[in-house]
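Overview (structure and organization)
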Number of protein chains: 2
Amino acid sequence: MCRICLTLAYDGTDYAGWQVQPGQRTVQGVLERALRPLIGVGEDVRVHASGRTDSGVHALGQVAHVDVPTSRRDLPWQKALNATLPPDVRVVAAREVPATFHARFSAISKTYAYTLWLDPDYVLPQRRRHVWHCGPLDLNALDRAAAFLLGEQDFAAFRNTGTETRSTVRTMHRVWRSSGVHPAECVLRFQASGFLKQMVRNLTGCLVAVGRGKAEPENVRSYLKEGDRSAAPATAPAQGLCLERVEYPDVPFPDGNGDEHQMGSSRAPARG
Amino acid sequence: MCRICLTLAYDGTDYAGWQVQPGQRTVQGVLERALRPLIGVGEDVRVHASGRTDSGVHALGQVAHVDVPTSRRDLPWQKALNATLPPDVRVVAAREVPATFHARFSAISKTYAYTLWLDPDYVLPQRRRHVWHCGPLDLNALDRAAAFLLGEQDFAAFRNTGTETRSTVRTMHRVWRSSGVHPAECVLRFQASGFLKQMVRNLTGCLVAVGRGKAEPENVRSYLKEGDRSAAPATAPAQGLCLERVEYPDVPFPDGNGDEHQMGSSRAPARG
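Predicted, not measured: the structure shown is a model, and the values here were computed from it.

**Looking at the overall build of chain A**
Regarding its fold elements, chain A presents 5 helices and 10 strands. Burial statistics for chain A: of 272 residues in total, 58% are counted as buried. Across chain A, the fraction of contacts at a sequence separation of at least 24, relative to all contacts at a separation of at least 6, is 71%. Accessible surface, chain A: about 11,700 Å² in total, of which carbon and sulfur atoms supply 47%.

Rendered as structure tokens:
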């Protein structure tokens, strides 16, 4: 066998998330179905992603690996997969990687982007599947709140209840704000060693609550300290969220995203 | 009665174009249905647009007017309409205009944008409804071809067959090329006194043929001269096309588009 690493972009609107679930259309499901005939009859196919994305969440640079028979290693994987995948999932890049590479465990950090729509009156139809219409925000207050998220912290207050993880400690390398493709957009980006379930949507919901004046920036510190999900503001909707990029230490990987990023240089092991 | 002018944005993907047609979902149809309860029971509603857009074609700044009872003139039209319109049609701006204003006949020019996707391998899923995946092009050849389109000309070769118009002469004020929201995109913009049916898609099909080396830039001159639709290259698909803006001489109108445009200053009367 040899290991192929795929960079994937998808429009998550019509998917019940990444992970295969019976009777549901999932990104993993359509990808494994597209891989099966390329790998050979009777072969079992299992794709491993850097992490699951929730229902309705998008990706520009999800990373996944799959083991294929050595006889197939030279297939034009990108072209062959894109020929049968539905148009809302695309292979942005494909390359062979060492068997020591693991899409999830080799990752050192990930970057998520959450796009807010600040105009009070309307969302541009062309952008409605990719933004949250939260309306005007006090961005200075939001920035002050975001500063409390940096560093190694226990993010239990921003983890969805009912999920199991050994630890809820993660390291937030960067949180930054930039303009989007339309002047009404504001993009929040989060780069961390790993993310808990719905963590970015919970953080965004919290930052938007501060931006709306419903919470004080300093409240973020107490939410973190108390670790009580039900005390922190509500979760932001899925459609504004996008997994932009997964960072690996040794495998330089083609970028699924045209934006320029100034990435942090942390080499902390990935979690979650 | 008083006249309300609406600037409209829509995602044309799920519409059979602007114009009302029996049994079809059209932009005019959903807009008139949303207007009816606001205008009053038993009132007939007719919305007049700057022009029709074809099935699958988008808009950022379509302009339409509607006459409403004077007693309703102070309704918050944008908010009231957006509350009931489907999310793929939005009122970007609404204002009262003089009864002498006519969305179609007062227009002096229009600007259409056609977005090409130049990457050979894949279209980003997030952009698939708004671009044509034409692959790599010789943009210098395309630019040389575009120069032949400028000025007052007979565009019969770029008019869809089977349509009726008094004249096929239009004035092309500008054709220009810019980058899009993704590095793989190239946006062609056309500003003219008016456009014939499918003219922008036919012009784009022609420019792409030149960019692919299937036609010479100089061929554009002969297509124009011969006026034979069947001699010119094939029509570009609908989903890359967007009506960005309609220009009027006296009514300064809010812009539905965040891009900066350097508009021409022609005051030639609108046609088509």
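What follows continues from the structure just given.
**Remarks on the nonpolar core**
The biggest cluster of nonpolar side chains holds 76 residues, and the ones touching the most others in it are B:Leu116, B:Phe158 and B:Phe190. Per-element tally for this core: the top contributor is helix H4 (residues 199-211) of chain B, with 8 residues. Of the domains in this structure, domain 1 (2-97) and domain 2 (109-247) of chain B are the two that each give at least three residues to this core. Residues contacting B:Leu116, with those up to four places away along its chain left out, are B:Trp132, B:Cys134, B:Leu137, B:Ala184, B:Glu185, B:Cys186, B:Leu188, B:Thr204 and B:Val208. If you look at the next biggest cluster of nonpolar residues, it comprises 75 residues, including A:Val27, A:Ala49, A:Ala146 and A:Phe155.

**Quick look at the interface of chain A and chain B**
Taken residue by residue, the interface counts 28 residues in chain A and 28 residues in chain B. Here chain A meets chain B over a buried area of about 2,100 Å², counting both sides, of which 57% is carbon and sulfur. When the area that chain A buries against chain B is broken down by residue, the three leading residues are A:Tyr122, A:Gln126 and A:Arg128, summing to 26%. At the boundary of chain A with chain B, the tally comes to 2 salt bridges. Residues A:Asp11 and B:Arg128 are paired through a salt bridge, measuring 3.1 Å at the closest nitrogen-oxygen approach. Remark: the boundary between chain A and chain B carries 6 residue pairs in polar contact (both at pLDDT 80 or more). Elements with a minimum of two residues in the side of chain A that touches chain B: strand S1 (2-10), strand S3 (58-68), helix H2 (77-84) and strand S4 (89-97) of chain A.

**Quick look at the packing of aromatic side chains**
Throughout the structure, instances matching the rule amount to 10 aromatic pairs over all chains. A cation over a ring is seen here: A:Arg174 above A:Trp176, with NZ or CZ 3.8 Å from the ring centre.

**With respect to the pattern of salt bridges**
All names here are of chain A. Scanning the model with the defined rule gives 22 salt bridges over all chains in all. The closest approach of N and O atoms between Glu244 and Arg189, which form a salt bridge, is 2.6 Å. Separated by 55 residues along the polypeptide, Glu244 in strand S10 (residues 241-247) and Arg189 in strand S9 (residues 185-192) bring together distant segments of the chain. Considered together, Glu244 and Arg189 belong to a single accessibility category, that of buried residues. In the salt-bridge network here, residues are joined through shared partners; they are Asp54, Lys197 and Arg201.

**Description of the UniProt feature "binding site: substrate" (unreviewed entry) in chain A**
All names here are of chain A. When the UniProt feature table is mapped to this numbering, "binding site: substrate" (unreviewed entry) covers Tyr112. Note on placement: Tyr112 falls in strand S5 (residues 109-117). Ignoring any residue separated from it by four or fewer positions in sequence, one finds Tyr112 in contact with Arg52, Thr53, Leu188, Arg189, Phe190, Phe195, Val200, Leu241, Cys242, Leu243 and Glu244.

**Comments concerning the relation of the copies chain A and chain B**
With an axial shift of 0.0 Å and an RMSD of 0.0 Å, the rotation relating chain A to chain B amounts to 180°. Given the turn and translation reported, the copies of this chain are related as if by a two-fold rotation axis. No C-alpha of chain A approaches the rotation axis more nearly than that of A:Val181, which lies at 3.0 Å. The share of interface residues of chain A whose copies in chain B are also at the interface is 100%, consistent with both copies meeting through the same surface.

**Focus on the packing of helix H1 (residues 27-39) of chain B against helix H2 (residues 77-84) of chain B**
All names here are of chain B. Packing of H1 against H2 brings their axes to within 9 Å, and their N-to-C directions diverge by 125°. Considering the angle they form, H1 stands oblique to H2. Our pair here, H1 against H2, has a crossing hand that is right-handed. On the side of H1, the interface is formed by Ala34, Leu35, Leu38 and Ile39, while H2 contributes Trp77, Ala80, Leu81 and Thr84. Grouping the amino acids of the contact of H1 with H2 by side-chain chemistry returns 7 nonpolar, 1 polar and no charged.

**Considering the side chain of A:Gln153**
As for its position among the elements, A:Gln153 is in strand S7 (residues 151-154). A relative accessible area of 18% places A:Gln153 in the buried class.

**Topic: helix H4 (residues 199-211) of chain A**
All names here are of chain A. In this model H4 runs 18 Å from its N-terminal to its C-terminal C-alpha over 13 residues, within 8% of the 18 Å that 1.5 Å per residue would give. For H4, the tally of buried residues reaches 13 of 13 residues, placing the bulk of the element in the interior. Gly213 lies just past H4 and shows a positive phi near 80°.

**Re H1(B)**
Residue and element names in this part refer to chain B. Along its 13 residues, H1 runs 18 Å from first to last C-alpha, staying within 8% of the 18 Å computed at 1.5 Å per residue. Three or more residues of H1 are buried, namely Val27, Gln28, Gly29, Val30, Leu31, Glu32, Ala34, Leu35, Leu38 and Ile39. Packing partners of the buried residues in H1 comprise strand S1 (2-10), strand S3 (58-68), H2 and strand S4 (89-97). Two residues or fewer after H1 comes Gly40, characterised by a positive phi angle close to 125°.

**Comments concerning the pairing of strand S5 (residues 109-117) of chain B**
Residue and element names in this part refer to chain B. With 9 of 9 residues buried, S5 is to be regarded as a mostly interior element. On S5, burial covers both faces: Ser109, Thr111, Ala113, Thr115 and Trp117 on one face and Lys110, Tyr112, Tyr114 and Leu116 on the other are all buried. As paired elements, S5 and strand S10 (residues 241-247) share 6 bridges and run antiparallel to each other. Paired with Lys110 across the bridge in S10 is Val246.

**A short note on unusual backbone geometry**
Note: most residues except glycine have negative phi, and most peptide bonds are trans. Residue and element names in this part refer to chain A. The phi angle at Gln198 is positive, at roughly 60°, despite the residue not being glycine. Positionally, Gln198 belongs in the loop between S9 and H4. When its relative accessible area of 18% is taken as the criterion, Gln198 is described as buried.

What counts, and at which threshold
Residues numbered from 1 in each chain as written. Chains lettered and ligands numbered in written order. Predicted model: local features only at pLDDT ≥ 70, side-chain atom pairs only at ≥ 80, totals over all residues. Heavy atoms only, no water. Helix = DSSP H or I, 4+ residues; strand = E, 2+ residues; numbered from the N terminus. Buried < 20%, exposed > 50% of the residue type's maximum accessible area, 1.4 Å probe, protein only. Contact = heavy atoms within 4.5 Å. Areas by Shrake-Rupley, 256 points an atom, 1.4 Å probe, with all protein chains shown as cover. Core = buried A, V, L, I, M, F, W, Y, C linked by side-chain atoms within 4.5 Å. Domains from an automatic or database assignment. Buried area = accessible area lost by both parts, 1.4 Å probe. Salt bridge = Lys/Arg side-chain N within 4 Å of Asp/Glu carboxyl O. Polar contact = N/O pair within 3.5 Å; in protein donor to acceptor, adjacent residues only side chain to side chain. Phe/Tyr/Trp six-rings, centres within 6.5 Å; stacked < 30°, edge-to-face > 60°. Lys NZ or Arg CZ within 6 Å of the ring centre and 35° of its normal. UniProt positions renumbered as here; feature names shortened; annotations may be inferred. Least-squares fit on C-alpha atoms with pLDDT ≥ 70 in both. Axes fitted to C-alpha atoms, helices over the stretch in contact; angles between N-to-C directions. Parallel < 35°, antiparallel > 145°, perpendicular 65-115°, else oblique. Left-handed = near helix turned anticlockwise from the far one by under 90°. Nonpolar A, V, L, I, M, F, W, Y, C, P; charged D, E, K, R; others polar. Expected span 1.5 Å × (residues − 1). Pairing = 2+ DSSP bridges.

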